Amino acid sequence: MADSPETQKQDANQPQEKKPRQLRGLYEHVHISVKALDTIIIVCILVIVVVFALDMRNPGFTITFDSKGGTDVASQNQMYGQLLEAPEPPTREGYVFTGWYRDPACYEQWNLETDTIHEDVTLFAGWEPKPQ
């Protein structure tokens, strides 16, 4: 027996049962095996561990001091971008220490308050003869 038009109208007005929707998230269209995904995760973890190990092993940059005939000054290790710790000034018989320079000719002075470390560097002592 066919439903009368009135019965069909009543059925249309009643709420229909909704089927629960499956939530698959971001991976709805991804087709990858669990074994391949595990391999990718393990490789990523190993890369992160290696990068951190290399970074932690890096002692920074070495700053050596050439006192050019003066007393010895110990070298320092500093990290990139740090200011140099002012070492004890060297002494030299008959001369006055004028500061640390980037070049052996003592033209370009190292400013301890603003110059930062960007690479291994050797600084040279500047000397002036003492006035007699």
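Residues numbered from 1 in each chain as written. Predicted model: local features only at pLDDT ≥ 70, side-chain atom pairs only at ≥ 80, totals over all residues. Heavy atoms only, no water.

Taken in spatial order, the four strands of this open sheet run β2-β1-β4-β3, and their pairing is mixed. Sheet topology places β2 (76-78) and β3 (95-101) at the edges, where each strand pairs with a single neighbour. Pairs of neighbouring strands in the sheet enclose a mean axial angle of 30°, with direction left out of account. Bridge analysis of β3 against strand β4 (residues 121-129) gives six bridges, and the strand direction is antiparallel. Across the sheet, residue Trp100 finds its bridge partner in β4, namely Ala125. (Pairing = 2+ DSSP bridges. Helix = DSSP H or I, 4+ residues; strand = E, 2+ residues; numbered from the N terminus. Axes fitted to C-alpha atoms, helices over the stretch in contact; angles between N-to-C directions.)

Counting residues in each nonpolar core, the largest one holds 11 residues, listed as Ile63, Phe65, Val73, Leu84, Trp100, Trp110, Ile117, Val121, Leu123, Ala125 and Trp127. Looking at this core, the elements with two or more residues in it are β1 (61-66) and β4. When residues of this core are assigned to their parent elements, the largest contribution, four residues, is made by β4. What Trp110 contacts, discounting residues up to four positions off in sequence, is Leu84, Trp100, Tyr101, Arg102, Asp115, Thr116, Ile117 and Leu123. (Core = buried A, V, L, I, M, F, W, Y, C linked by side-chain atoms within 4.5 Å. Buried < 20%, exposed > 50% of the residue type's maximum accessible area, 1.4 Å probe, protein only. Contact = heavy atoms within 4.5 Å.)

Pairing of β1 with β4 involves four bridges; the strand directions are parallel. Following the sheet pairing, Asp66 is matched in β4 by Phe124.

As a further point, take a nonpolar patch on the surface. Taken together, the side chains of Val30, Ile32, Leu37, Ile40, Ile41, Ile45 and Val49 define a hydrophobic patch exposed on the protein surface, amounting to about 580 Å² of accessible area. Mapped onto the fold, Ile41 is located in helix α2 (residues 34-57). (Patch = residues over 30% accessible without salt bridge, like charges linked within 9 Å, V, L, I, M, F, W, Y side chains within 5 Å. Areas by Shrake-Rupley, 256 points an atom, 1.4 Å probe, with all protein chains shown as cover. Salt bridge = Lys/Arg side-chain N within 4 Å of Asp/Glu carboxyl O.)

Here we come to the packing of aromatic side chains. Each aromatic ring pair is characterised by the separation of its centres together with the angle its planes make. Counted according to the given criterion, the structure contains three aromatic pairs. Ring plane angle 55° and centroid distance 4.8 Å describe the contact between Phe65 and Trp100, whose orientation is recorded as tilted. Of this pair, Phe65 sits in strand β1 while Trp100 sits in strand β3, and the two are 35 residues apart along the sequence. We note that Phe65, like Trp100, is buried. On the basis of relative accessibility, which here comes to 4%, the residue Trp100 falls in the buried class. A cation over an aromatic ring shows up here: Arg92 above the ring of Tyr95, its NZ or CZ 3.9 Å from the ring centre. (Phe/Tyr/Trp six-rings, centres within 6.5 Å; stacked < 30°, edge-to-face > 60°. Lys NZ or Arg CZ within 6 Å of the ring centre and 35° of its normal.)

In most cases, non-glycine residues show a negative phi, while peptide bonds are predominantly trans. One non-glycine residue, Lys68, adopts positive backbone phi at about 45°. Note on placement: Lys68 falls in the loop between β1 and β2. When its relative accessible area of 31% is taken as the criterion, Lys68 is described as partly exposed.

So, about the pattern of salt bridges. Note on pairing: side chains with opposite charge can pair once their charged atoms come close. Under the defined criterion, the tally for this structure stands at two salt bridges. A salt bridge links Glu108 to Arg102; the nearest nitrogen and oxygen atoms lie 3.2 Å apart. Its relative accessible area of 33% is what places Arg102 among the partly exposed residues. Between Arg102 and Asp115 there is a salt bridge, and its shortest N-O distance comes to 2.9 Å. One end of the pair, Arg102, is in the loop between β3 and β4; the other, Asp115, is in the loop between β3 and β4, with 13 residues separating them in the sequence. The class of Asp115 is buried, set by a relative accessible area of 16%. Several salt bridges share partner residues, and in doing so they unite Arg102, Glu108 and Asp115 into one network.

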